[in-house]
Amino acid sequence: QVQLVESGGGLVQAGGSLRLSCAASGRSFSTNTMGWFRQAPGKEREFVAAIYWSGGRTMYSDSVRGRFTISRDNAKNTAYLQMSSLKPEDTAVYYCAADSARTYFTQVPKLYDSWGQGTQVTVSS
C-alpha cells in the first residue's frame, strides 16, 4: 500500500492560482500512475489529471486542460497539481490517487488502489 498526503488547498478568488501537493510514502516504488480527482458536494468523484510516475506522460480532463498542470518529482516522491485561471466550478475536495496495477491511464476512480484524505479547494466569484 502507498500512503498519500495532499496539501495546498484553500480559498482563492476566481482567476487565481493554487498548487496542490501529494506526498507518497510506503510502497511508492510500485506506483505506475498518479491521478488527481475532485468531488463537489452532491456530485460524483471526477477525474482531473494523471501522470505516469516514470516518463512523465500526462492526461487531463476537458474541463481543466490548458488551466491545470500535473507534474511529479520522483526524488521527493511527490506529485503536484498547478491550478491556474480557477473558476467557481472548480470548487471541490481534491484527492490524489495511485494506480499500481495498470500501465495505461484510467479515469475510473475505483481502479486506483490508494487514496489521500483530500484537500478542500474553494474558488469565490
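Structure shown above.
A.B. asks: Help me understand the sheet that holds strand β3 (residues 18–26) in this model?
C.D. replies: In a beta sheet, neighbouring strands are held together by backbone hydrogen bonds and run either parallel or antiparallel to one another. The strand order across the open sheet built from 4 strands is β1-β3-β8-β7, with neighbouring strands paired in antiparallel fashion. On the outer flanks of this sheet lie β1 (2–7) and β7 (68–73), each paired with one strand and no other. Within the sheet, the average angular offset between the axes of one strand and its neighbour, ignoring direction, is 20°.

A.B. asks: I would appreciate a short explanation of the pairing of strand β4 (residues 33–39) in the present structure.
C.D. replies: Within a regular strand, the side chains alternate between the two sheet faces. Of all the 7 residues making up β4, 6 are buried; the element is thus mostly covered by neighbouring parts of the structure. Of the strand pairs in this sheet, β4 and strand β5 (residues 46–52) are connected by 6 bridges, and their pairing is antiparallel. In the sheet register, Gly 35 faces β5, and the bridge partner there is Ala 50. Between the antiparallel neighbours β4 and β5 lie 6 residues, among them Gly 42 with a positive phi of about 80°. Bridge count for β4 against strand β9 (residues 92–99) is 7 bridges, and the pairing is antiparallel. Paired with Met 34 across the strands is Ala 98, a residue of β9.

A.B. asks: Sorry, what's going on with the pattern of salt bridges here?
C.D. replies: Counted according to the given criterion, the structure contains 5 salt bridges. A salt bridge links Arg 65 to Asp 62, with the shortest nitrogen-to-oxygen separation between them at 2.6 Å. Residue classification places Asp 62 among the exposed positions, given a relative accessible area of 66%. Here Arg 67 makes a salt bridge to Asp 90, at a shortest N to O gap of 2.8 Å. You can see Arg 67 sitting in the loop between β6 (58–60) and β7 and its partner Asp 90 sitting in the loop between β8 (78–83) and β9, a full 23 residues away along the chain. With respect to class, Arg 67 is no different from Asp 90; both count as buried.

A.B. asks: Before we go on, may I ask you to explain the nonpolar core in this structure?
C.D. replies: For soluble globular proteins, the rule of thumb is that nonpolar side chains tend to be buried together. If you look at the biggest cluster of nonpolar residues, it comprises 28 residues, and the most contacted ones within it are Trp 36, Leu 81, Met 83 and Tyr 94. Sorting the residues of this core by element identifies β1, β3, β4, β5, β7, β8, β9 and β11 (119–124) as the ones contributing at least two each. Apart from residues no more than four positions distant in its own chain, Leu 81 is found in contact with Leu 18, Arg 19, Leu 20, Trp 36, Val 48, Ala 49, Phe 68, Thr 69, Ile 70 and Tyr 94. Counting residues in hydrophobic clusters, the runner-up holds 7 residues, among them Ala 50, Tyr 52, Ala 97 and Tyr 112.

A.B. asks: Sorry, what's going on with the state of the cysteines here?
C.D. replies: Here, the word disulfide means a covalent bond between the sulfur atoms of two cysteines. Under the counting rule described, the total for this entry stands at 1 disulfide. Each disulfide pairs two cysteine sulfurs, and for Cys 22 the partner residue is Cys 96, the sulfurs being separated by 2.1 Å. Disulfide Cys 22-Cys 96: torsion about the S-S bond near 65°, hence right-handed. Note that Cys 22 is positioned in strand β3 and Cys 96 in strand β9, a separation of 74 residues in sequence. One exposure class covers both Cys 22 and Cys 96, and it is buried.

A.B. asks: Explain the side chain of Asp 90 here, please?
C.D. replies: Overall, Asp 90 belongs to the buried group, its relative accessible area being 1%. Within the structure, Asp 90 has its side chain in polar contact with the side chain of Arg 38 (distance 2.9 Å). Not counting residues within four places of it along the chain, the set of residues in contact with Asp 90 comprises Arg 38, Arg 67, Phe 68, Ser 85, Val 121 and Val 123.

Reading guide: rules and limits
Residues numbered from 1 in each chain as written. Predicted model: local features only at pLDDT ≥ 70, side-chain atom pairs only at ≥ 80, totals over all residues. Heavy atoms only, no water. Pairing = 2+ DSSP bridges. Helix = DSSP H or I, 4+ residues; strand = E, 2+ residues; numbered from the N terminus. Axes fitted to C-alpha atoms, helices over the stretch in contact; angles between N-to-C directions. Buried < 20%, exposed > 50% of the residue type's maximum accessible area, 1.4 Å probe, protein only. Salt bridge = Lys/Arg side-chain N within 4 Å of Asp/Glu carboxyl O. Core = buried A, V, L, I, M, F, W, Y, C linked by side-chain atoms within 4.5 Å. Contact = heavy atoms within 4.5 Å. Disulfide = S-S within 2.5 Å. Polar contact = N/O pair within 3.5 Å; in protein donor to acceptor, adjacent residues only side chain to side chain.

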